[in-house]
Amino acid sequence: MMSADSFRGTSELLSGWGNYPRERCRTRSIESWQDVETAVQSSNTTNVIPRGMGRSYGDSTLTQDGVVLRMGHLNRFLAFDPETGVLECEAGVSFAEIIETFLSQGWFLPTTPGTKFVTLGGAIAADVHGKNHHVDGSFGNFVNRLTLLLADGAIIDCTRDNDPDLFWATIGGMGLTGVILSAQIRLSRVETAYCDVTYRRTQNLESTLEMFTATHQSYRYSVSWIDCLATGASLGRGVVMLGNDAPAAALPRKLAAAPLKLPRRRAKTIPFDFPSFALNPWSIKAFNTLYYAKNRDRREFVDFNSFFYPLDGIDHWNRIYGKRGFVQYQALFPTETAHVGLHQLLERIAKSRQASFLAVIKGSGPATRGMLSYLFPGITLALDFPNRGKATRDLFEKLDEIVLEHSGRLYLAKDALTSADTFARMYPRLSEFLRVKERVDPNNRFVSSQARRLGIVTGLEPNQSEAVGNSMSAGTH
Amino acid sequence: MSSTSIEAPAASTGNAVSVPSTMECTSSGWVLILGATSGIARALAHRLSQDGHSLILAGRNEEELTRMASDLRLRHNVNAEVAEFSALDYASHPEFFENCIRRTSGRLQGVLLCYGDMLPQAATEKSFDDARRVIDVNFTSAVSILSQAATYLEERKGGFIGVISSVAGDRGRQSNYTYGAAKAGLTAFTQGLRNRLYKSGVHVLTIKPGFVATRMTAGLLNPKSPLVASPEKVANDIVRAIKRRRTVLYTPWFWRPIMTLICSIPESIFRKMKL
């Protein structure tokens, strides 16, 4: 029988959303602030890393020799001001829960990634962004205060005024500065649960990018799907989606009856990993061609779920990539080099015949002040690739080169493969971040596999994954 | 949810006991949860507030309870209050309960005992202090606080008491008999309460969970095993049982046949087993 102090955790095979890489990790479920304190101070583990809903794609919530803290049960709402929309809640609260509780009162997330199944802690740690980045910036802009538990056990309230370095290191800091226990954020007022959306098909990359520039001021939300298998003159052709929050007065009568109610979505699920041949250049080309053809120019009202979270409607959609999983590539090019850089990137991808069917491109706005925050003004492109082992790694190396050459960078929440050297060149503020890390976590109590790989954390013992496999002892099974 | 006023039963004559007719056990009165930070209690709190109940969350960890209360208020738009409760401080129980009555303006409808303590059996064999703690927390303290609740609800002639005991109390087994003994005592005590309070129209439910994935069993159970229930499942079973005025609930249901089997094994054979 185990005593409550022993804190070995249970052993689980974990991965990010891409199901690659998978690592056997010790995990511990957190249900109270005491649990976090115990975990961080425990001598039974060398390091810890918090994990929300595991929607980052790579290894940012894995740890080879430490313990993964599952924060999902630390999910309470602590305070809400119905006049201002200021909400304080624990880090494990998901965007889905926030929507479920507050949308009916006329409040929505100020910006949101493509899934609502992310925790507040994760959203802050990755400094997530959404379709409105070019107008509103990333999520960090809407955080007032962080309640952090640091490596020495201290619990502090951190704001951009009382400790700007720690604040801006934690926003986008991938959980490496301490455990976010709770945060205070500002929700946005909305009149309805609908967006007024305009769809415009474009013939090629140039016209896609022009569309972003032309609509910059007039639409709060913009994003484009692109056909990444189209070549030649059609390279970068796509379907641009432009939207604004629909005011109550504009809604058709059928929807106006319950303007803040989200229509019920029938739950679909991918029940098992698809065989690896399911997604291949031919099936993806077929999908892309159909998708492009089907989406003619039009304007319509789209509910928040369908507009912001199209894939959330399908549970486990990542299983369509099969057991080997997939790897996301998300890169940002500054405005000046975007056209050329993207062109080269897309050409390289089309040439490699490694297809992605989910290729999304977006115009980004001013940078948030997070030291490791991803976006600055430019164009960001996100793609999925079925994991084909070495072929995928080789392709990504080539793509990294193109991105570096054009002064671009990758997104930590998606990255699973890049090198420490490449990362350091992409994030010049890394040294600033490391200074803060040195101050609040000198003994590297907060470590993730990604942090090791990218050299954000150094001087650790070499990979102990074999040892972890043997020393597992989680209680009885 | 509409709140139903609790009606006094028709006057009983001689030995015949009459029972109040309809009583909505889960209309929106107040419910007191003792040990509100326990795994099952958290799930119960959510379920009850979804059904429109106002709650008093009682326990030792005021900070955690306050966070819980805020969440319930914001999420489900109900009243949720916090009360400091120390199971082992018996002398404090009368005042604690008075306080609860005051704070609910006499509309306290139900009491749920959700706390317990399970120390490793080996520890309780070596150390009497440990054994005593297990008995005191799981049994003695329950006698104290449940007596307060019983008297109040008896006077009020209505309401419900739910007591989380355990299948471990159904038979003393070498792997967990100190805890099992305490729970056996609790089960019998609750049974007596049920008998005493029937004529006052108070419904008493004995809850016997099997393996539940909570902090108390962390590291001891494999949560993926089909035998291990989630706190949410147990909470749903409890609320349903209260609505239907069940007497003894095994949750999940399959523990009833399992325990019937286990209890039917003759003692001369059971003493050799390693259960």
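Since this is a predicted model, take the numbers as computed values, not measurements. (Residues numbered from 1 in each chain as written. Chains lettered and ligands numbered in written order. Predicted model: local features only at pLDDT ≥ 70, side-chain atom pairs only at ≥ 80, totals over all residues.)

## What about unusual backbone geometry?
Omega for the peptide link from A:Tyr20 to A:Pro21 comes to -5°, which places this bond in the cis form. Mapped onto the secondary structure, A:Pro21 falls in the loop between β1 (10-15) and β2 (22-29). The step from B:Thr251 to B:Pro252 runs through a cis peptide bond, and the omega angle for that step is -15°. Turning to its location among the elements, B:Pro252 is positioned in the loop between β9 (248-251) and α8 (255-264). With a phi close to 55°, A:Asn19 is a non-glycine residue in the positive phi region. (Helix = DSSP H or I, 4+ residues; strand = E, 2+ residues; numbered from the N terminus.)

## Brief notes about the packing of helix α1 (residues 39-50) of chain B against helix α7 (residues 231-243) of chain B
Residues and elements named next belong to chain B. Running from N to C, α1 and α7 point in directions that differ by 55°, and their axes come no closer than 8 Å. As far as their axial angle goes, α7 and α1 are oblique. In terms of crossing hand, the pair formed by α1 and α7 is right-handed. The residues of α7 that touch α1, namely those facing Gly39, Ile40, Arg42, Ala43, Leu44, Arg47 and Leu48, are Pro231, Glu232, Val234, Ala235, Asn236, Ile238 and Val239. (Axes fitted to C-alpha atoms, helices over the stretch in contact; angles between N-to-C directions. Parallel < 35°, antiparallel > 145°, perpendicular 65-115°, else oblique. Left-handed = near helix turned anticlockwise from the far one by under 90°. Contact = placed C-beta atoms within 7 Å.)

## Concerning helix α13 (residues 430-440) of chain A
Residue and element names in this part refer to chain A. All of the buried residues in α13 are Phe433, Val436, Lys437 and Val440. Summarising the axial view, the buried residues of α13 lie within an arc of 100°, below the 170-degree limit, and thus occupy one face. Counted as exposed and oriented over 90 degrees from the buried face of α13: Ser431, Arg435 and Glu438. Contact partners of the buried residues in α13: α5 (164-170). (Buried ≥ 20, exposed ≤ 12 C-beta atoms within 10 Å, placed from the backbone. Arc of directions from axis to C-beta.)

## Let's talk about the nonpolar core
Residues A:Val36, A:Leu69, A:Ile124 and A:Leu381 are the most contacted members of the largest nonpolar core, which totals 135 residues. A total of 6 residues in this core trace back to one element, the largest contributor, which is strand β18 (residues 326-334) of chain A. With sequence-adjacent residues up to four places away left out, A:Leu69 is seen in contact with A:Arg28, A:Ile30, A:Val36, A:Ala39, A:Val48, A:Ile49, A:Pro50, A:Arg51 and A:Val179. In this structure, B:Ala149, B:Tyr179, B:Ala182 and B:Tyr250 belong to the second largest nonpolar core, which totals 70 residues. (Core = buried A, V, L, I, M, F, W, Y, C linked by C-beta atoms within 7 Å.)

## Some points on the environment of B:Thr151
Counting through the fold element by element, B:Thr151 comes out in helix α5 (residues 128-156). C-alpha separation for the pair B:Thr151 and B:Leu88, spaced 63 residues apart in sequence, amounts to 20 Å.

## A few points about the sheet that holds strand β9 (residues 155-159) of chain A
Residues and elements named next belong to chain A. The strand order across the open sheet built from 5 strands is β5-β6-β10-β8-β9, with neighbouring strands paired in antiparallel fashion. Since the sheet does not close on itself, it has two edges, and those belong to β5 (77-81) and β9, each with one partner. Across the sheet, the axes of successive neighbouring strands diverge by a mean angle of 15°, strand direction being ignored. (Pairing = 2+ DSSP bridges.)

## Structural notes on the confidence of the model for chain B
All names here are of chain B. Per-residue pLDDT for chain B has a mean of 90; in total, 90% of the residues score no lower than 70. Confidence drops under a pLDDT of 50 for residues 1-26, and excluding neighbours within four residues, the segment shows 42 contacts in the predicted structure. Two summary scores accompany this predicted model of the complex, namely pTM at 0.88 and ipTM at 0.84. (pLDDT = per-residue confidence, 0-100.)

## Concerning the sheet that holds strand β14 (residues 238-245) of chain A
Residues and elements named next belong to chain A. Here 8 strands make up an open sheet; going across it, the order is β16-β12-β14-β13-β19-β20-β18-β21 and the pairing antiparallel. This sheet does not close on itself; its edge strands, each paired only once, are β16 (298-303) and β21 (409-410). Pairing of strand β13 (residues 221-226) with strand β19 (residues 360-364) involves 2 bridges; the strand directions are antiparallel. The residue bridging Ser224 from the neighbouring strand is Ile361, located in β19. Contacts between helix α11 (residues 390-405) and the sheet are confined to β18, β20 (378-386) and β21, with β18 contributing the most and set at about 10° to the helix.

## Describing the pairing of strand β12 (residues 194-202) of chain A
Every other side chain in a regular strand lies on the same face of the sheet, so the side chains alternate between the two faces. Residues and elements named next belong to chain A. For β12 and β16, the ladder comprises 6 bridges, and the chain directions are antiparallel. The residue bridging Thr198 from the neighbouring strand is Arg299, located in β16. Alignment of β12 against β14, held across 8 bridges, turns out to be antiparallel. Bridge assignment links Tyr199 to a residue of β14, and that residue is Met241.

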